[in-house]
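This is what each chain is made of:
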Amino acid sequence: MKRINVTQSSMPPLEEYVEEIRSLFESKWLTNMGEKHKKFEEKLKEYLQVSNVSLTVNGHMALENIIKALDLKGEIITTPFTFASTTHAIIRCGLKPVFCDINRKDYTIDVDKIEELITEDTCAILPVHVYGNVCNIEAIEEIANKYNLYVIYDAAHTFGEKYKGKSVAAYGDASVFSFHATKVFNTIEGGCIAFKDETMTTILKDIKNFGFSGPEIIRYVGGNAKMNEFQAAMGICNLRHIDCELKKRKNAYEKYREYLCDVKGLKIWEPQRDVEHNYAYMPVVFEDEFGKNRDYIAQILMENNIYARKYFYPITADFQCYNNKFSSCRLEVARDISKRVLTLPLYADIEPDDIERICSVILSTRQ
Ligand SMILES: *Cc1c(COP(=O)(O)O)cnc(C)c1O
């Protein structure tokens, strides 16, 4: 039986990539914001329909860099139903994550529970557009305006999406994307910050390069988070094919839907109103009526050489490394969904037959 992983990286044709990196072998300029970096940044601004973008070595450093660049201190309200990176970034920058529960509908931050968590130390809200589900942007904006808080979206799952006809990257003070190999769009590793305030351009540029503002002027305690030329070249190539990749993902989703939409106790991912989706993930939630629990299904799939993932389990608040320091009993929904959700294999080149096999294994567990 063929092994099926949860995802598979999108790649441009080899010749196309070779052609793109040819000039690097001539210039011998491999990193430090060279020709490809500039070109990719321009193409990306156009694609994301934003005026300001800072490219980074990965999505995680993009999160840390925007927190540093805004000079945030104190507490950030966020959700624990996400990848480790979101919470780690807050803590590694010396701030305290204050966890807000998620809603049952789309698993993004429950906007009705944000206000009660605000204290005089709150400086920002960092919600996650989890699985490509766009947060309740209007409500978040209203709260942020009322309490004068920054809004940084972890948009790692929403590359290419539009909300009410406008790029998701254009909402909030900043949106952070990941271009990791496993994401909808990749630069092997990579990421970016799309940001609203143009005056942040310089600090974001300097902070990813050890804080150097000039050869002898070091204005910030920066780290090293630069995207290199080979990553940027991969981005240039992959961006040429993104529309086609997204279409193929949508077809794969529709195929899953055919098999799984009317199954009792199985809640499949559904598109949101007002959103042009990227079909990044195929999360399914196993309710009690299904008869078998998530862990059992995951095990049976694995025995059939199908590697679904428990995104996101455990919730970050319960990570061993935090020693319950930031945990809260108020995270009922996040904990419940986390125990029930399974993310099924979904990528542009997944075969319809593979989807049929995955679904028939899942459905056969009920007998
Ligand atoms: C992938 C991911 C990140 C981190 O991005 P990297 O490019 O892997 O560093 C952050 N947040 C979320 C929600 C992610 O899925």
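Before any of the text, the structure's been laid out above.
All values reported here derive from a predicted model rather than from experimental measurement.

Student: Give me the overall build of the protein: which residues, what numbers.
Tutor: Counting secondary structure elements, the protein contains 11 helices and 15 strands. Computed over its C-alpha atoms, the radius of gyration of the protein comes to 21 Å, within 12% of the 21 Å expected for a compact globule of 367 residues. Its C-alpha atoms give the protein principal-axis dimensions of roughly 70 × 55 × 40 Å. Scored against the burial criterion, the 367 residues of the protein give a buried share of 56%. In the form shown here, the protein has an accessible surface area of approximately 16,900 Å², with 49% of it arising from carbon and sulfur atoms. Between the averaged position of the 47 positive side-chain charges in the protein and that of its 53 negative side-chain charges there is a distance of 2 Å.

Student: Account for the pattern of salt bridges, naming residues and giving values.
Tutor: One pass over the full model with this rule turns up 27 salt bridges. Here Arg240 and Glu16 are joined by a salt bridge, their closest N and O atoms 2.6 Å apart. Of this pair, Arg240 sits in helix 7 (residues 229-240) while Glu16 sits in helix 1 (residues 14-27), and the two are 224 residues apart along the sequence. What makes Glu16 buried here is its relative accessible area of 16%. Note that Glu19 is salt-bridged to Arg22, the shortest N-O span being 3.3 Å. Of the two residues, Glu19 and Arg22 both sit in helix 1, three residues apart, roughly one turn of that helix. You can call Arg22 partly exposed: its relative accessible area is 42%.

Student: Would you mind going over the nonpolar core in detail, with residue names and values included?
Tutor: The biggest cluster of nonpolar side chains holds 98 residues, and the ones touching the most others in it are Phe40, Leu44, Phe81, Phe177, Tyr256, Leu301 and Leu344. When we break this core down by domain, the ones giving at least three residues each are domain 1 (14-237) and domain 2 (242-364). Setting aside its immediate chain neighbours within four residues, Phe40 contacts Leu55, Phe179, Phe185, Thr187, Met227, Ala232, Gly235, Ile236 and Leu239. Among the nonpolar cores identified, the runner-up in size contains 24 residues, and Leu72, Cys123, Phe195 and Met200 belong to it.

Student: Break down the packing of aromatic side chains for me, with residues and values.
Tutor: Any aromatic ring pair is given by two values, namely how distant the centres are and how the planes are angled relative to each other. Enumeration over the complete set of coordinates arrives at 23 aromatic pairs. Ring geometry for Phe81 against Phe312: centres 5.8 Å apart, planes inclined by 85°, an arrangement best described as edge-to-face. In this pair, Phe81 is assigned in the loop between strand 2 (75-78) and helix 4 (84-92) and Phe312 in the loop between helix 9 (294-303) and helix 10 (332-340), connecting sequence segments 231 residues apart. You can call Phe81 buried: its relative accessible area is 0%.

Student: Describe the state of the cysteines, and please don't skip the residues or the numbers.
Tutor: A full pass over the atoms with the stated rule returns zero disulfides. In this structure Cys135 is a free cysteine whose sulfur lies 11 Å from that of Cys100, the closest cysteine sulfur available. When its relative accessible area of 3% is taken as the criterion, Cys135 is described as buried. Between Cys261, a cysteine without a disulfide, and Cys359, which holds the nearest cysteine sulfur, the sulfur-to-sulfur distance is 10 Å.

Thresholds applied
Residues numbered from 1 in each chain as written. Predicted model: local features only at pLDDT ≥ 70, side-chain atom pairs only at ≥ 80, totals over all residues. Heavy atoms only, no water. Helix = DSSP H or I, 4+ residues; strand = E, 2+ residues; numbered from the N terminus. Rg over C-alpha atoms; globule rule 2.2 N^0.38 Å. Buried < 20%, exposed > 50% of the residue type's maximum accessible area, 1.4 Å probe, protein only. Areas by Shrake-Rupley, 256 points an atom, 1.4 Å probe, with all protein chains shown as cover. Lys, Arg positive; Asp, Glu negative; His and termini not counted. Charge placed at Lys NZ, Arg CZ, Asp CG, Glu CD. Salt bridge = Lys/Arg side-chain N within 4 Å of Asp/Glu carboxyl O. Core = buried A, V, L, I, M, F, W, Y, C linked by side-chain atoms within 4.5 Å. Domains from an automatic or database assignment. Contact = heavy atoms within 4.5 Å. Phe/Tyr/Trp six-rings, centres within 6.5 Å; stacked < 30°, edge-to-face > 60°. Disulfide = S-S within 2.5 Å.

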